[in-house]
Amino acid sequence: MSFIASIGQGAINLYHRIRWIVSISAAILQLAFRPSSWTKPVRMVLTRQIVFTGYDAIGFVAVVALLAGISVVVQAQVWMGRLGQSELLGPLLVTVIVREVGPLLVNFIVIGRSATAMAAELAGMKVRHEVEVLDSQGLDPLVFLVMPRAISMALSVFGLAMLFVVFSFGSGYLCGAFLGTGPGDPGIFARSVVRGVSSYDFYNILAKTLIPGLLTGVIAANEGLSVEGVATDIPQAVTRTVVRATLAVLVVSVIVSVLTYI
Amino acid sequence: MQEQTAILEFKGVTVRSASSQISGISQINFSLGRGEIAVIGLEEGREHIPLAPLAQGLLAPDSGCVSFQGVDWADMNASRQSVERGRIRRVFEHYGWVTNLDVMENLCLAECHHTRRTMDEVMQEVRGLAGRFGLEDIPEARPTRVHGMVLRKLEWVRALVGTPSLIILERPLFGAPKADAPKLMEAVCEASRRGVAVLWLTEDERVIECRNLGAVRRFRMDGEKLVAVSNGRESDG
């Protein structure tokens, strides 16, 4: 195959992969809005996944947010003070933390911590023929395995991103106050942040958490369930999950930023 | 009088052996009505005969068709197929458990998913059935931590829970104590009297020869062919 032909073939494969992931995501959303999909066992899976992906990750996300808050917020306070532009502190922090760093870091944490585990778990189920066991009992794998996992991932990323923003602003303010670089009065700091927030930021954080979260869940499930009966394929499925989900998060983040603010 | 629709019907079903997981079968014909039991004798050591996945619409035949309650699986959409599979219970030839759920969740899964029964109600029925097979307690652990013999008997329990239309037993006595075989046969007979159709795949001569199973049709797999057995004589199925 010539060089040009291989590029063309790669582009066609990529198009098919994207179309497949988008189709599954659409099917999941359609199923999720159908009350009959949410039987007792499906609700149980959703609850467990929210606990694993969201609740259990709070500690780690809090630590990352504290550290990010200290490095980003304190630096912003110092530089804005030196430039005599302290009134721009709020908008700057909102741009960096709320619009970009918060959603991106939380998405990456969820990919590393939960999507990999999900892909390995589902690949293991496929290898042990457990998916057939579910299917033979009339439990559609899309409804029982994929839908609650993808939905829980979207909700968890959103919730964790909100916590990330609160923790990083809090830690940044406290650290600035301790070092004497911040505004001192928490009211001034809070007002400058609130002034920097627009209604677009709300849609932005929703889009940058719910969409990539859903896609990450779908990609992890798709890679896990694509394994065909060989346990040695599981690590490769996990690796593909990390690479493809990371790319999806970055692409969605760029598209949302462009559509929202430019 | 209107003819009753068969619960399960195989018409000229052929599957070519495509992998080590599927043994080929050729021109299989049989039907199973309400309350009927079909016992299919298997050759010892011949595994992966795909009658159960075909009966559940999990495997499409290379030729012929398989109907469940009068409708060809190929004519149902995915959602309808799931609903119909909810009316079928199965004891698997090999491991039939979901390892990230505990044993009780596994036992109640299908019934809780397809019906409005409460978990407590289903658990109560499960405990009652388990008691019949000498299991006083249901292990709270995940299946990988439970002895294979106990799991095998619990698969019988799972197959009998609720009101299925069809029960498929794939070598259900494999790995179970011989002394418990009559208990399973008795439970299957009771289910059959309630109108449940039963497809029993076995290499156990006690089941193939058993005369106490009620309305039984007997077959034997002869290579890839299914042969009907009646009064000691064999004819093409």
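On a predicted model such as this, the values are computed, not experimentally measured, just so you know. (Residues numbered from 1 in each chain as written. Chains lettered and ligands numbered in written order. Predicted model: local features only at pLDDT ≥ 70, side-chain atom pairs only at ≥ 80, totals over all residues.)

All right, on to the overall build of chain B then. Helix and strand content of chain B: seven helices and 11 strands. Here the C-alpha radius of gyration of chain B, 17 Å, is about what a compact globule of 237 residues would show, namely 18 Å. Over its C-alpha atoms, taken along the principal directions, chain B stretches across nearly 45 × 45 × 40 Å. Here chain B, with 237 residues, has 39% of them falling under the buried criterion. Sequence-distant contacts in chain B: of pairs separated by 6 or more residues, those separated by 24 or more amount to 69%. (Helix = DSSP H or I, 4+ residues; strand = E, 2+ residues; numbered from the N terminus. Rg over C-alpha atoms; globule rule 2.2 N^0.38 Å. Buried ≥ 20, exposed ≤ 12 C-beta atoms within 10 Å, placed from the backbone. Contact = placed C-beta atoms within 7 Å.)

Contact with chain A, which involves 15 residues of that partner, is made by 21 residues of chain B. Mapped by element, the contributors of at least two residues to the side of chain A that touches chain B are α2 (40-53) and α5 (130-136) of chain A. With six residues, the single largest contributor to the side of chain A that touches chain B is α5 of chain A. Residue composition of the side of chain A that touches chain B, grouped by class: four nonpolar, four polar and seven charged. (Nonpolar A, V, L, I, M, F, W, Y, C, P; charged D, E, K, R; others polar.)

A few words now on the nonpolar core. If you look at soluble globular proteins, the nonpolar side chains tend to sit buried side by side. Membership of the largest hydrophobic core comes to 125 residues, with the highest contact counts inside it found for Ala150 of chain A together with Val198 and Trp200 of chain B. Examining the composition of this core, we find that 17 residues originate from one element, helix α6 (residues 141-179) of chain A, more than from any other. (Core = buried A, V, L, I, M, F, W, Y, C linked by C-beta atoms within 7 Å.)

Residue position: Ser19 of chain B is located in the loop between β1 (8-15) and β2 (25-32). Ser19 of chain B sits in the exposed class, given 8 other C-beta atoms within 10 Å.

We now examine the pairing of strand β7 (residues 166-170) of chain B. All names here are of chain B. Counting buried residues along β7, five of its five residues qualify, which places the element largely inside the surrounding structure. The two faces of β7 match: Leu166, Ile168 and Glu170 on one face and Ile167 and Leu169 on the other face are all buried. In this structure, strand β6 (residues 88-91) lies alongside β7, joined through four bridges in parallel fashion. In the sheet register, Ile88 faces β7, and the bridge partner there is Leu166. As paired strands, β7 and strand β8 (residues 197-202) are joined by five bridges and run parallel to one another. Directly across from Glu170, in β8, lies its bridge partner Leu201. In the classification by handedness, the crossover that spans β7, the intervening helix α6 (residues 181-193) and the parallel β8 is right-handed. (Pairing = 2+ DSSP bridges. Right-handed = clockwise from strand over helix to strand, strands pointing away.)

The next point concerns unusual backbone geometry. Most of the time, phi is negative for any residue but glycine, and the peptide bond is trans. For His129 of chain A, which is not a glycine, the phi torsion comes out positive at approximately 65°. If you check the backbone angles, Gln27 of chain B has positive phi at about 50° while not being a glycine. Position of Gln27 of chain B among the secondary structure elements: in strand β2.

Moving on, we come to the packing of helix α4 (residues 119-132) of chain B against helix α5 (residues 148-160) of chain B. Residue and element names in this part refer to chain B. Look at α4 against α5: their axes get within 9 Å of each other, and the N-to-C directions meet at 130°. Classified by the angle between their axes, α4 and α5 sit oblique to one another. Crossing of α4 against α5: the hand is right-handed. Along its contact with α4, which presents Val126, Leu129 and Ala130, the element α5 presents Leu154, Val157 and Leu160. (Axes fitted to C-alpha atoms, helices over the stretch in contact; angles between N-to-C directions. Parallel < 35°, antiparallel > 145°, perpendicular 65-115°, else oblique. Left-handed = near helix turned anticlockwise from the far one by under 90°.)

Looking now at helix α9 (residues 234-261) of chain A. All names here are of chain A. The terminal C-alpha atoms of α9, which comprises 28 residues, lie 40 Å apart, in line with the 40 Å expected from a rise of 1.5 Å per residue. For α9, the complete set of buried residues consists of Ile234, Ala237, Val238, Thr241, Arg244, Ala245, Ala248, Val249, Val252, Ser253 and Val256. On the buried face of α9, the contacting elements are α4 (89-127) and α8 (199-225). (Expected span 1.5 Å × (residues − 1).)

Let us now look at the packing of helix α3 (residues 58-82) of chain A against α6 of chain A. Residues and elements named next belong to chain A. At their nearest, the axes of α3 and α6 sit 6 Å apart, and the two run at 45° to each other. Of the possible angle classes, the one that applies to α3 and α6 is oblique. Both α3 and α6 take part in a crossing whose hand is right-handed. Class assignment for the residues of the contact of α3 with α6 results in 18 nonpolar, seven polar and no charged.

Sheet strands pair via backbone hydrogen bonds, and the direction of the pair is either parallel or antiparallel. Residues and elements named next belong to chain B. If you trace the four strands from one edge of the open sheet to the other, you get β2-β1-β4-β5, paired in antiparallel fashion. Every other strand in the sheet has two partners, leaving β2 and β5 (71-72) as the edge strands with one partner each. Here five bridges tie β1 to strand β4 (residues 63-68), and the two strands are oriented antiparallel to one another. Across the sheet, the residue bridging to Phe10 is Val66, located in β4.

Attention now goes to the confidence of the model for chain A. Looking at chain A, pLDDT values average 91 and 99% of them are 70 or higher. Here helix α7 (residues 186-196) of chain A stands out as the least confident element of chain A, with mean pLDDT 83; α2 of chain A is the most confident, with 97. (pLDDT = per-residue confidence, 0-100.)

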